[in-house]
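# Secondary and tertiary structure notes
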Amino acid sequence: MEDPKHISIFTGAFGSGKTELALNYALKLQETGKKVTAVDLDIINPYFRIRSVREALEVRGLNVVSPCGRLAGADVPALPPAILGVLDDSRGYGVLDVGGDDIGATVLGRFKGNLRDGSFNLYFVVNTYRTHTRDVPGILSIMRRIEKASRLQVSALISNPNLGPETNLETILGGHRIVMDAAQQLGLPVALLGVHRKLAGRLKIRDVPIFPLDLLLKLPWQDD
Amino acid sequence: MKGNEAIGEGAVRAGCRYFFGYPITPQSELTHYLARRLPEVGGLYLQAESEVASINMVYGAAGAGARVMTSSSGPGISLMQEGLSVIAGAELPCVIVNMMRGGPGLGNIAPSQADYFQATKGGGHGDYHLIVLAPNSVQEIFDMTGKAFDLADCYRNPVMVMADGIMAQMMEPVELKDEDRFEIPPRPWAASGMLDHPGKNLINSCYVVPEEMEEVNIKLKEKYTKIIREEQECEGYLLEDAEIVLVAFGTASRICRAVVEKARLLGIPAGLIRPITLWPFPADFVAGNTGNAKCFLTVEMNMGQMVEDVKLAVNGKAPVFHYGRMGGMVPVAKDILQEVQKLYNGGVVK
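Residues numbered from 1 in each chain as written. Chains lettered and ligands numbered in written order. Predicted model: local features only at pLDDT ≥ 70, side-chain atom pairs only at ≥ 80, totals over all residues.

Moving on: the overall build of chain B. Of the regular secondary structure elements, chain B holds 13 helices and 12 strands. Taken against the 2.2 N^0.38 rule, which gives 20 Å for 350 residues, the C-alpha radius of gyration of chain B at 21 Å falls within 12% of a compact globule. Along the first, second and third principal axes, the C-alpha set of chain B runs to 70 × 45 × 40 Å. The 350 residues of chain B split such that 54% are buried. Across chain B, contacts joining residues at least 24 apart in sequence account for 79% of those joining residues at least 6 apart. (Helix = DSSP H or I, 4+ residues; strand = E, 2+ residues; numbered from the N terminus. Rg over C-alpha atoms; globule rule 2.2 N^0.38 Å. Buried ≥ 20, exposed ≤ 12 C-beta atoms within 10 Å, placed from the backbone. Contact = placed C-beta atoms within 7 Å.)

This part covers the overall build of chain A. Secondary structure summary: chain A contains 7 helices and 8 strands in total. Based on the C-alpha atoms only, the size of chain A along its principal axes is roughly 45 × 40 × 35 Å. Counting only residues that meet the buried cut, chain A has 42% of its 224 residues in that class. Pairs at least 24 residues apart make up 71% of the contacts formed inside chain A by residues separated by at least 6 positions.

Chain B puts 22 residues into the contact, and the matching count from chain A is 15 residues. Where the side of chain B that touches chain A is concerned, the elements lending two or more residues are helix H8 (165-169) and helix H10 (250-265) of chain B. Sorting elements by how many residues they give to the side of chain B that touches chain A places H10(B) first, with 4 residues. In terms of residue class, the side of chain B that touches chain A is made up of 12 nonpolar, 4 polar and 6 charged. (Nonpolar A, V, L, I, M, F, W, Y, C, P; charged D, E, K, R; others polar.)

Attention now moves to the packing of helix H1 (residues 3-13) of chain B against helix H2 (residues 28-40) of chain B. All names here are of chain B. It is the contact of H1 with H2, at a shortest axis distance of 8 Å, that shows an interaxial angle of 35 degrees. As for the relative orientation of H1 and H2, their crossing is right-handed in sense. Where H1 approaches H2, its residues Asn4, Glu5, Ile7, Gly8 and Val12 are matched on the opposing element by Glu29, Leu30, Tyr33, Leu34, Arg37 and Leu38. When its residues are assigned to classes, the contact of H1 with H2 shows 6 nonpolar, 2 polar and 3 charged. (Axes fitted to C-alpha atoms, helices over the stretch in contact; angles between N-to-C directions. Left-handed = near helix turned anticlockwise from the far one by under 90°.)

Moving on, we get to the sheet that holds strand E2 (residues 44-47) of chain B. All names here are of chain B. If you trace the 7 strands from one edge of the open sheet to the other, you get E2-E1-E3-E4-E6-E5-E10, paired in mixed fashion. Bordering the open sheet on either side are E2 and strand E10 (277-279), each of which pairs with just one other strand. On average, each strand axis in the sheet is tilted by 20 degrees relative to the strand beside it, whichever way the strands run. Of the strand pairs in this sheet, strand E1 (residues 18-21) and E2 are connected by 4 bridges, and their pairing is parallel. (Pairing = 2+ DSSP bridges.)

What follows concerns the domain arrangement of chain B. All names here are of chain B. As assigned here, chain B comprises domain 1 (3-230) and domain 2 (234-345). Computed over C-alpha atoms, the centres of domain 1 and domain 2 are 28 Å apart. Each partner contributes residues to the interface: domain 1 has 26 residues there, and domain 2 has 21 residues. Counting residues per element, the ones that place at least two in the side of domain 1 that touches domain 2 are helix H6 (116-120), strand E5 (131-133), strand E6 (158-164), H8 and helix H9 (210-230). Counting residues per element, the side of domain 1 that touches domain 2 draws most heavily on H6, at 4 residues. Tallied by class, residues from the side of domain 1 that touches domain 2 come to 17 nonpolar, 7 polar and 2 charged. (Domains from an automatic or database assignment.)

Of note, the bond from Gly103(B) into Pro104(B) is cis; its omega dihedral lies within 30 degrees of zero at 10 degrees. A positive phi angle is found at Phe48(A), which is not glycine, with a value near 55 degrees. Here Phe48(A) is to be found in the loop between strand E2 (36-41) and helix H2 (54-59). In this structure Phe48(A) comes out as buried when scored by C-beta crowding, with 21 C-beta atoms within 10 Å. Of note, the phi angle at Arg151(A) is positive, near 60 degrees, even though the residue is not glycine.

Rendered as structure tokens:
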């Protein structure tokens, strides 16, 4: 979180926790007094996207760019023109939540020309308990495919090992170790370790900053 | 895992090696998953040119004795109905997944339970039934996919696994059971060449002589009677002293469980019945476990479909009400609770 870049892009495999991480990151950035816009670039999956919690985020003062009105609930690749405004506004901060896998990352290629070198961080979020990123070869394979599809280089990994409500400290430590191994092989840093807030205080890890998460995308039977 | 992935993995581990389908939201990740996974185990994934083609490819593969699956959402399932009737008529095992969305017509891609009638009351033409399973967690989606293949083989009947966009897209931890747990039974009836059985096998649903057709109908009826007797599956929650009984399946049942807990905190003796098989509808469980019930409230994401089966099962012993949201809207716990309070305090439950 130190010295954040003008644009932070969150990519990863399907269901790796990109949206929760991006939203928590955006809210945290906003708390430091910066002007932050969260951009919903997920044009792959019509469920559990930023747009489904748009109102709640706006109440908290976060700017949100996502397809508006009738297009919000459609499975069409609609990209609002306001995205370019966020990328061009060098005084503001943009947090981009991208769709899953290489298919989801393809949309980034369209903005390659608007992303100046050194002005952005491309994060690759990894949950080692997801089917295709359980081990180092799996993580490398998906990351390479995302880089190819987006025509951009990943700047850092974000470790997000969890089993949803069944996560415990052991789960986190075991998964995080695999992410560290992958990062070492890639020669990339691990920027953050995402952990549910209720476990964050009990975790003893020094090699990576712990990033406490408040879950924002809830199921209809989950209480606030 | 996501629900869609759990179906894919469940199918692969149940020995399914053939998938024919056509993408449609909200089940596209399932096709995506199997496109990657099936070739790893020597299976075949084929994206057909339409849902009509998919279901007829399923017919062909099932007739040749394969474990085979297709999946779609409402509009695509409608296109498959002729094929489903043919498969049921020819008595072939296969699994069909329906991740329901808002309708009628093209509707939208939001979660819904509006295909209950279509799945449980026929859908296609002629006298037939699908076995219909309604999971309500990702673990159950995985387990039930395996069970669906077993039921299909056991009864030589198409089995539908039915859920909605929330179930398809949500993520929950899943324990993947041992591989090769399912043994694929022999299929002496399959049209798979004459090497392993004497004489010709014919897969057919066309009987031009009415007497012969009726004979088939009688045989099917006997099979359906046996399924109704042996395969009803249901889960009860806090029913023992329940005076107001909610009935809900799939996504709605997860919300209703939270409602029952909230109602209990308010001193209202509420309980929940969750049908797991939608056909056969667990009528015996509903009738046999609700001795204290003074009224029933079905909660569905449709305008009132399962409520008819609940009324038949309750058989006039208590009033049956319906609360529904439609068009892709998901019922909210506090609104259902309000409905429960209205019934309880309004004198329906005395």
